[in-house]
Amino acid sequence: MRLELEKVSLTYQQGTSLESLALQAVDLSVEPGERLGICGATGSGKSTLLAVLAGILEPTSGRVLHDGRKLGGKQGPRPGQVGLGLQTPENCLFEKTVYDDIAFAPRRLGMKGGRLAARVRDSMASVGLDATAYGHRSPFSLSTGEQRRVALAGVIATGPAALLLDEPTAYLDPASRRDLVERLVALNRERRTTLVVVGHDMDEMAAMVHRLVIIDRGRIVADGPASRLLTDAQLLVSNSLEPPATVQLCNLLSECLGRPVPPVLSERAAAELLANIGGSRGMGG
């Protein structure tokens with residue numbers, strides 16, 4: 001699914017003493033099947049940008065398009081086409097059981113019977129939840145991390161063409177974070193679901209997205225391949241973002257060795273780099 005913003009601006013509480021400009025003349029297009037990351041400092045406008053892109057916040061000016069179809073007024077997103085995962089999705093849980101919570105949106109779309117049960121089961125599996133173990137439980141008896149997975153499964157259950165997520169790995173332990181990142185990447189690859197993720201962990205962005213957008217005070221200040229922007233430590237730091245651990249390692253090696261060490265993003269590349277440096281130093285001694 002193609003998502004577009006054309007000269008989009010949004011002002012909160014316009015015309016009052018509390019007026020606040022959240023987005024300023026933003027142009028952005030997300031191609032079908034793309035994996036895009038949106039990053040920036042706290043208060044930069046990331047979550048607002050995601051909500052406008054999803055079609056749940058109407059901009060003050062500019063156009064929002066889904067597959068070329070303009071949104072606005074009474075014309076919202078087509079039901080089930082865009083899935084939005086909020087920053088605290090566990091606050092959206094309300095049904096008595098995990099199964100019913102995940103089934104709620106598909107039921108609203110007319111799904112029932114075996115097809116509904118299969119959709120719920122598959123959605124739970126896609127976020128690492130076993131339907132037999134969790135389906136009958138109350139969502140309010142779960143840990144925050146488990147609740148987050150349930151809420152995400154509920155978004156996935158509608159079969160959206162585009163999945164927009166605001167910090168989906170928050171409150172998860174490191175192993176669970178890595179697992180969920182891998183599952184989201186797999187979902188994108190297998191279903192060609194357009195994936196847009198807001199986050200602040202640059203290591204996760206390196207593993208999850210191909211393209212990165214950096215936003216500051218409601219404006220896009222950088223937009224390009226993640227492999228290029230994530231290795232630009234000066235750009236990241238100037239926007240209150242911490243470079244990936246591998247990039248920090250390469251910068252430290254540059255200082256220690258007294259010569260430039262090209263930054264890398266993957267842990268495997270970093271390990272090979274260390275091995276090569278260790279080997280060359282050994283031979284020189």
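Coordinates for the structure precede this section.
Residues numbered from 1 in each chain as written. Predicted model: local features only at pLDDT ≥ 70, side-chain atom pairs only at ≥ 80, totals over all residues. Heavy atoms only, no water.

Formed by 43 residues in total, the largest nonpolar core has its most connected members in Ile102, Leu163, Leu184, Met205, Met208 and Leu212. Core analysis: the next-biggest nonpolar cluster, separate from the first, contains 26 residues, Leu3, Leu5, Leu49 and Val64 among them. (Core = buried A, V, L, I, M, F, W, Y, C linked by side-chain atoms within 4.5 Å. Buried < 20%, exposed > 50% of the residue type's maximum accessible area, 1.4 Å probe, protein only.)

On to the sheet that holds strand 4 (residues 61-66), then. Here four strands make up an open sheet; going across it, the order is 2-1-4-5 and the pairing antiparallel. Edge positions in the open sheet fall to strand 2 (20-30) and strand 5 (69-71), since each of these has one partner strand only. When strand polarity is set aside, the average angle formed by the axes of neighbouring strands in this sheet is 30 degrees. (Pairing = 2+ DSSP bridges. Helix = DSSP H or I, 4+ residues; strand = E, 2+ residues; numbered from the N terminus. Axes fitted to C-alpha atoms, helices over the stretch in contact; angles between N-to-C directions.)

The gaps left among the atoms become clear once a water-sized probe is rolled over them. Within this model, the largest pocket holds a volume of roughly 640 Å³. Considering the residues around the largest pocket, the lining is formed by 25 residues, among which Gly83, Leu84, Ala105, Gly154 and Val155 are closest to the centre. At the level of elements, strand 6 (82-85), helix 2 (98-108) and helix 5 (144-156) are the ones that each hand at least two residues to the lining of the largest pocket. Considered as a void within the structure, the second largest pocket measures approximately 520 Å³ in volume. In this structure, the second largest pocket is lined by 17 residues; those nearest its centre are Arg178, Asp203, Glu204, Ala207 and Glu267. Sorting the residues of the lining of the second largest pocket by element identifies helix 6 (174-191), helix 7 (202-208), helix 10 (245-257) and helix 11 (267-284) as the ones contributing at least two each. For the lining of the second largest pocket, the element with the most residues is helix 6, which contributes six residues. (1 Å grid on protein atoms, 1.4 Å probe; cavity = no way out; pocket = protein on both sides within 12 Å on 5 of 7 lines; lining within 4 Å. Points joined across faces, edges and corners; volume = space filled by probe spheres on them.)

Interpretation in functional terms is not warranted from these geometric data alone.
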